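Spelled out, the chains give:
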Amino acid sequence: MNIKPLGDRVVIKMIEAEEKTKSGIVLPSSAKEQPQMAEVMAVGPDIVNDEKKKDQIKVGDRVIFSKYAGTEVKLDGVEYTIIKLNDVLAVIE
Amino acid sequence: MNIKPLGDRVVIKMIEAEEKTKSGIVLPSSAKEQPQMAEVMAVGPDIVNDEKKKDQIKVGDRVIFSKYAGTEVKLDGVEYTIIKLNDVLAVIE
Amino acid sequence: MNIKPLGDRVVIKMIEAEEKTKSGIVLPSSAKEQPQMAEVMAVGPDIVNDEKKKDQIKVGDRVIFSKYAGTEVKLDGVEYTIIKLNDVLAVIE
Amino acid sequence: MNIKPLGDRVVIKMIEAEEKTKSGIVLPSSAKEQPQMAEVMAVGPDIVNDEKKKDQIKVGDRVIFSKYAGTEVKLDGVEYTIIKLNDVLAVIE
Amino acid sequence: MNIKPLGDRVVIKMIEAEEKTKSGIVLPSSAKEQPQMAEVMAVGPDIVNDEKKKDQIKVGDRVIFSKYAGTEVKLDGVEYTIIKLNDVLAVIE
Amino acid sequence: MNIKPLGDRVVIKMIEAEEKTKSGIVLPSSAKEQPQMAEVMAVGPDIVNDEKKKDQIKVGDRVIFSKYAGTEVKLDGVEYTIIKLNDVLAVIE
Amino acid sequence: MNIKPLGDRVVIKMIEAEEKTKSGIVLPSSAKEQPQMAEVMAVGPDIVNDEKKKDQIKVGDRVIFSKYAGTEVKLDGVEYTIIKLNDVLAVIE
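Residues numbered from 1 in each chain as written. Chains lettered and ligands numbered in written order. Predicted model: local features only at pLDDT ≥ 70, side-chain atom pairs only at ≥ 80, totals over all residues. Heavy atoms only, no water.

Asks: I tried to follow the overall build of chain A on my own but got confused; where do I start?
Replies: Across its full length, chain A carries 2 helices and 8 strands. Of the regular secondary structure in chain A, the N- to C-terminal order runs β-β-α-β-β-α-β-β-β-β. Carbon and sulfur atoms form 46% of the exposed surface of chain A, whose accessible area is close to 4500 Å². (Helix = DSSP H or I, 4+ residues; strand = E, 2+ residues; numbered from the N terminus. Areas by Shrake-Rupley, 256 points an atom, 1.4 Å probe, with all protein chains shown as cover.)

Structure follows, in structure tokens:
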């Protein structure tokens, strides 16, 4: 089973807190909007087919996104978030 | 009798919960916006005639969409939802 | 006497409930936005002269639209609704 | 003295109730937005010089418009309404 | 000293009530938005250099505008209003 | 030290009240939005490189702007306001 | 580890208060929106690849931005802000 995001959306999977700590990223829990870290599982066709966007994000990238953006879906027991490219803030390398 | 959606709308039919469980998808009932799973019954002309959109969705596809989007209609005893393509989040394969 | 809608508007006439039941359509009275069924009486010039729109709707079509859209007018004792094409959801065949 | 509307505005003059009854139009006083009937007195330059708009409305036309749209002005004792073309719903013939 | 409005703005000076009565215009004091009458003192460069706009308004024109639009400025003891062309409703001739 | 505004912004410095009185401008303190007078210290690249905008405003110009627009910054003890060109109402000559 | 901002975003790092005082900038703590000073750490691809934007901001620039804009992220113990270019007000030289 496979999720193919439509338009300029991406499907991402949250990275667990322990893993985040290991990787050196700590996302602050302040009163301001809290970003989240995730891995890209699928990229929509309006990104893949856009000369400017296709090099900015790809499957396997680790990304930071706003936790208030996107829609959560559970598929075969795993939780994913479907989010617009515009709500992905940055790629971590 | 037939529903032909206008513009970039699609007509979808909800997939029952039992069927969803069988297929391995579980949609969480959290406080956040809950997505829904449905089958595409008809696709509007602005999708069919658009080079970029026509390959993204077709009759028979199983899709995830936001439950707050679209308008419900009952036709010959069956309930459908008429929804804009932009409110369809992803296709499940 | 004749109503000619301006721009991309259409003039529609509500179809009575009995007639709707006969035709097999039942529009649910839930808490969500309730769509309505009507017949198209006139189509505005920005639809007729648009290559993409002119084939989507024509006089005599039966359409579903949102009941919160459009403006009601009574002409020679008959009630019509003037509505933008974008608020017409689908054509029923 | 003369009012020349700017942009895509038109100047209209309300048609009295008796006259409306004679002509067979009755505008319902429901809780919904109430349209009004008026005669076109002047048409702005962005309508006159637009190939698509100039044939849709002209001086002398009887039109239906939303009563919440436009601005009222009294000139030499006569009340007019200055309204954008987009707020004129239809022409009555 | 001189006020040169930027963009598509105009500088206007209110016409006194007595003068308005003489000229036959009476602006109603209803609960609805009240238009005001003024004389054009200066016209911005985006109007002067626009083929469609430059013939619609010029210095010396008497105009009707919404009293809620624009910003008031007092210069050498005289009050002016700086307003966008789009908030000027009509020219009176 | 130097402030280079980005995009279509300008950096302005308020003109003191005494100076304003001398120059004959008095800005009313009514309940309506109060404009302010200032001198232009720097102009952003999207203005300088725009054929239509570059002649409308330049360093040294005295301008009127809305006091609710822009962001104040203190640099080497002097207060400046960074504001979008669109919020500058007029140039005073 | 590296943060690559997407689209027209930049990654910036706050400049400490003592350093700001040394450099002569004092940002007032009034009731109005308070700008902040920071150093640019990374610039997104939609800026680098845009002829008009690429010369306006680069890594190492000191910038002023609105403190209400952007999202904070802590990476390897250092706090960064990811912000859209449009929310950066000016470069300090």
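Asks: Explanation requested: the pattern of salt bridges in the structure shown.
Replies: When the charged atoms of two side chains lie near each other, side chains of opposite charge can form a pair. Applying the stated criterion to the full structure yields 21 salt bridges over all chains. Put simply, Lys54(D) and Glu51(D) hold a salt bridge, and the shortest N to O gap is 3.3 Å. Taking relative accessible area as the criterion, Lys54(D) reaches 36% and is therefore assigned partly exposed. The exposure class of Glu51(D) is exposed, given its relative accessible area of 60%. A salt bridge links Lys58(E) to Asp61(E); its shortest N-O distance comes to 3.1 Å. (Salt bridge = Lys/Arg side-chain N within 4 Å of Asp/Glu carboxyl O. Buried < 20%, exposed > 50% of the residue type's maximum accessible area, 1.4 Å probe, protein only.)

Asks: When you look at unusual backbone geometry in this model, what are you seeing that I'm missing?
Replies: Note: most residues except glycine have negative phi, and most peptide bonds are trans. Its identity as a non-glycine residue notwithstanding, Asp76(A) has a phi of 50°, on the positive side. Counting through the fold element by element, Asp76(A) comes out in the loop between β6 (71-75) and β7 (78-84).

Asks: Where do I start with the pairing of strand β7 (residues 78-84) of chain B in this structure?
Replies: It is a general feature of regular strands that their side chains alternate between the two faces of the sheet. Residues and elements named next belong to chain B. In terms of strand pairing, strand β2 (residues 9-14) meets β7 through 4 bridges, oriented antiparallel. Following the sheet pairing, isoleucine 12 is matched in β7 by threonine 81. Pairing geometry for strand β6 (residues 71-75) and β7, over 5 bridges, is antiparallel. Among the inter-strand pairings, leucine 75 is bridged to a residue of β7, identified as valine 78. From the end of β6 to the start of β7, which pair antiparallel, there are 2 residues, and aspartate 76 there has a positive phi angle of about 50°. (Pairing = 2+ DSSP bridges.)

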